[in-house]
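As a plain string of letters, each chain reads:
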Amino acid sequence: MKNNNLFEGVKSRRKKYILSLVVLWLIVLILFCLNMTIGEKNYSPLQVINTLTGHSSEGAYLINKLRLPRSLAAVFSGIAFGVAGNVFQTLLRNPLASPDIIGVSSGSTAAAVYCILFLNMNRSLVSVVAVIAGVLTSVLIYKIAYIHSFSANRLILVGIGTQALFTAFISWMIMSASEYDVPTAMRWMNGNLNGIVTDSLPLLIVVVISCLLAIICLRHQMVSLPLGDSYATILGIHVNLVRTVLIVLSVILIAFATAITGPIASIAFLSGPIAKRICGHNQANILSSALVGAILVLAGDFVGQHLLYTRFPVGVITGLLGGPYLIYVLVKQNKGGQL
Amino acid sequence: MNSKKTQLAYIIGISILILALFISITYGVKSVGLSDVIDAFIDSNSTDYNVNIVQARIPRSVFGLIAGAALSISGLLMQSITKNPIADPSILGVNTGASLFIVIGITFFNLQSKLSYIGVSFIGAIITALFVYKLASAGYGGPTPIKLAIAGAATSTALSSFVSLIVMPNSSVMTTYRFWQIGSIGGTSFDDIKLVLPFILIGIILSILLSNNLDTILLSEDTATALGLNVNRTKAIAAFSGVLLCATVTALAGPISFVGLMVPHIIRMVLCSNHLHLICLSGIYGASILLISDVLGRILGRPGELETGIMTAIIGGPIFIIIIRKAKVQSL
């Protein structure tokens, strides 16, 4: 009887999780449709579908070449940032330790700004360089922080130091660049979806989906890791291997997404906690944080494009969410909760 | 404490400082000799080209000296209050808070005078400092170094989005901000020095007056209370002067990072933990480091120059990482 109750609980939590996933899916879908239909010129959803499937040529350029890549990039970069942020926060056991704060994306950004301002490279080449630089930076941070054993705290602090160093380089490049190029670089630094080119998208989509699947395969191990290395080992998990694989996958996600859209602020930082708030923390929340990430980017882009007095890149809008979230953490803490 | 060692530290520090000051005045795109420097001091109305160069460079060097000393003492105070080896105005996000308020002031309230910059920068800095400290105190174990660092970094990220939001649509503010944001002591005048000096002096004198109390707090807060010390008041005054020092410098020179982190840390490691000496030595060495970074920036960035804020980050970033690597895991 007791056993039965136990499973009842598990079942109802599962049901709740699946239900919230469905709701999140719907929100993503609605926002995607909004981004496809609304703009300088509005189209009805039917028209959009007709144009996409090739039955009609009305607004073909606008829909196929501008809005579709933009919305797809928003969805997939959102998924990438959301999942990677959640993995980092879980592994480092700190809700504030997201990759954009501990310097993982700073290497990509610095490399990309350099390529834009000084080498005048085209966009797809910039992406390649940014991916390589991002991976190298992360390896460097990990190597420097690894003395005898892995320490989450040391990794975070080394990351913050590296971040400061790269920020100085970026500021210097922006200083010495010609005034004409600066707005481009500034916008890129905050993360934005303007000028997404169609040929860079398939790679992003493939990478995001395969990394996502791999991380989902590791979900049980990921839930056990925060218990502490010794507990996880007792549960039969090869701690170092799992941790390394998870970190590598998240770094790849971050690097690819950063290379295409720039470091869209706060997505990695916020998706995990929001997903946890919605779905509870009985599971790894991988899919839910992915969907939340996609929602945040789509909504941020929509607000930045259509609802304000000038157009802002998506990163500025989503970055603004970071402040209220920190205040929320503070207020919740004063009420006696746990960080 | 080894008093001979301390004396030696003072002597070396002052010699380095004088040397740095001298190089900072004489070295540049056009280098000048010692005789020109002396001429500049003797005959202030000279029309000689080299003498004029010297006179133009003196404010920059003097401002660098003041800024270095102020930032370094500010970092020291923050480290002592939070009992945290890696506290620093830039790590704690205080600089970004000051930036945000200055940008708001310039954009919406049309602030123009440098005095008002100092005012808003101070308000922004103190609000941010309190916020970050509160945020880090949340949860288990109080404000541990790691939580302070993350809270500072996160707050900094969030605030800089607000800065972007305000700056991006205004190209005129963007141009000003772009130059201010990096942190440079170039382009300062004697008027600036006159303006900041009172604030800096208040900060330094307050911290020297507090040095005994800070020593006592370092023992343990309970002991300090038992000895009849008002711990909270001491901490509040120390925090006030720490924020005042860094906000004043930041208002005029922009955020210059890592000076306040590395100098006090190294002095504490090598020498002593007596606050009176720590404050004086941090001031001396901090000023030297800033002047030396400024000169290095001029050497490496030829024919232009690398801004001081970039140089201190390039020197300070690796030192920060070395400090972390040396620290024990438990103490983080």
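A quick note: this is a predicted structure, and the numbers were derived from the prediction, not measured.

Asker: Would you take a moment to explain the overall build of chain A for this structure?
Answerer: Check the secondary structure of chain A and you find 14 helices and zero strands. Of the regular secondary structure in chain A, the N- to C-terminal order runs α-α-α-α-α-α-α-α-α-α-α-α-α-α. The C-alpha radius of gyration computed for chain A amounts to 21 Å, which stays within 12% of the reference 20 Å derived for 339 residues, consistent with globular compactness. Its C-alpha atoms give chain A principal-axis dimensions of roughly 65 × 50 × 40 Å. The proportion of buried residues among the 339 residues of chain A is 54%. Excluding contacts between residues fewer than 6 apart, the proportion of contacts in chain A whose partners are at least 24 apart in sequence is 75%. Put simply, chain A shows about 15400 Å² of open surface, and 68% of that area lies on carbon and sulfur atoms. Of the charged side chains in chain A, 22 are positive and 9 negative; the average position of the first set lies 16 Å away from that of the second.

Asker: Where do I start with empty space enclosed by the protein in this structure?
Answerer: One simple way to see leftover space: roll a probe sized like a water molecule over the atoms. According to the stated counting rule, one finds six cavities of 30 Å³ or more in the structure shown. In this model, the largest cavity occupies a volume close to 1300 Å³. Together, 41 residues line the largest cavity, and Gln163 and Thr167 of chain A together with Ser156, Ser160 and Gln181 of chain B are the ones closest to its centre. Put simply, the parts of the chain that give the lining of the largest cavity at least two residues each are α4 (104-119), α6 (152-176) and α7 (182-190) of chain A together with α4 (94-108), α6 (145-167) and α13 (308-326) of chain B. Along the lines of polarity and charge, the residues of the lining of the largest cavity split into 21 nonpolar, 19 polar and one charged.

Asker: Just to check I follow, could you spell out the nonpolar core for this structure?
Answerer: One recurring pattern in soluble globular proteins: nonpolar side chains tend to sit buried together. All names here are of chain A. The biggest cluster of nonpolar side chains holds 177 residues, and the ones touching the most others in it are Ile79, Val83, Leu92, Ile215 and Leu246. When residues in this core are grouped by element, the largest group, 14 residues, is from helix α3 (residues 60-92). Of all hydrophobic cores here, the second largest spans seven residues; its members include Ala110, Val113, Ile170 and Ala177.

Asker: Can you help me understand the side chain of Thr137 of chain A in this one?
Answerer: All names here are of chain A. Relative to the elements of secondary structure, Thr137 occurs in helix α5 (residues 123-145). For Thr137, a relative accessible area of 5% corresponds to the buried category. Setting aside residues up to four positions removed in sequence, Thr137 forms contacts with Gly103, Gly107, Thr162 and Phe166.

Asker: Explain the packing of helix α8 (residues 190-219) of chain B against helix α10 (residues 231-253) of chain B here, please?
Answerer: Helix-helix packing: each pair is described by the crossing angle between the helix axes and the interaxial distance. Residue and element names in this part refer to chain B. For the pair α8 and α10, the least separation of the axes is 9 Å and the interaxial angle reads 155°. With respect to α10, the axis of α8 lies roughly antiparallel. In the packing of α8 onto α10, the handedness of the crossing is left-handed. Across the contact of α8 with α10, the residue classes tally to 17 nonpolar, six polar and two charged.

Parameters and conventions
- Residues numbered from 1 in each chain as written.
- Chains lettered and ligands numbered in written order.
- Predicted model: local features only at pLDDT ≥ 70, side-chain atom pairs only at ≥ 80, totals over all residues.
- Heavy atoms only, no water.
- Helix = DSSP H or I, 4+ residues; strand = E, 2+ residues; numbered from the N terminus.
- Rg over C-alpha atoms; globule rule 2.2 N^0.38 Å.
- Buried < 20%, exposed > 50% of the residue type's maximum accessible area, 1.4 Å probe, protein only.
- Contact = heavy atoms within 4.5 Å.
- Areas by Shrake-Rupley, 256 points an atom, 1.4 Å probe, with all protein chains shown as cover.
- Lys, Arg positive; Asp, Glu negative; His and termini not counted.
- Charge placed at Lys NZ, Arg CZ, Asp CG, Glu CD.
- 1 Å grid on protein atoms, 1.4 Å probe; cavity = no way out; pocket = protein on both sides within 12 Å on 5 of 7 lines; lining within 4 Å.
- Points joined across faces, edges and corners; volume = space filled by probe spheres on them.
- Nonpolar A, V, L, I, M, F, W, Y, C, P; charged D, E, K, R; others polar.
- Core = buried A, V, L, I, M, F, W, Y, C linked by side-chain atoms within 4.5 Å.
- Axes fitted to C-alpha atoms, helices over the stretch in contact; angles between N-to-C directions.
- Parallel < 35°, antiparallel > 145°, perpendicular 65-115°, else oblique.
- Left-handed = near helix turned anticlockwise from the far one by under 90°.

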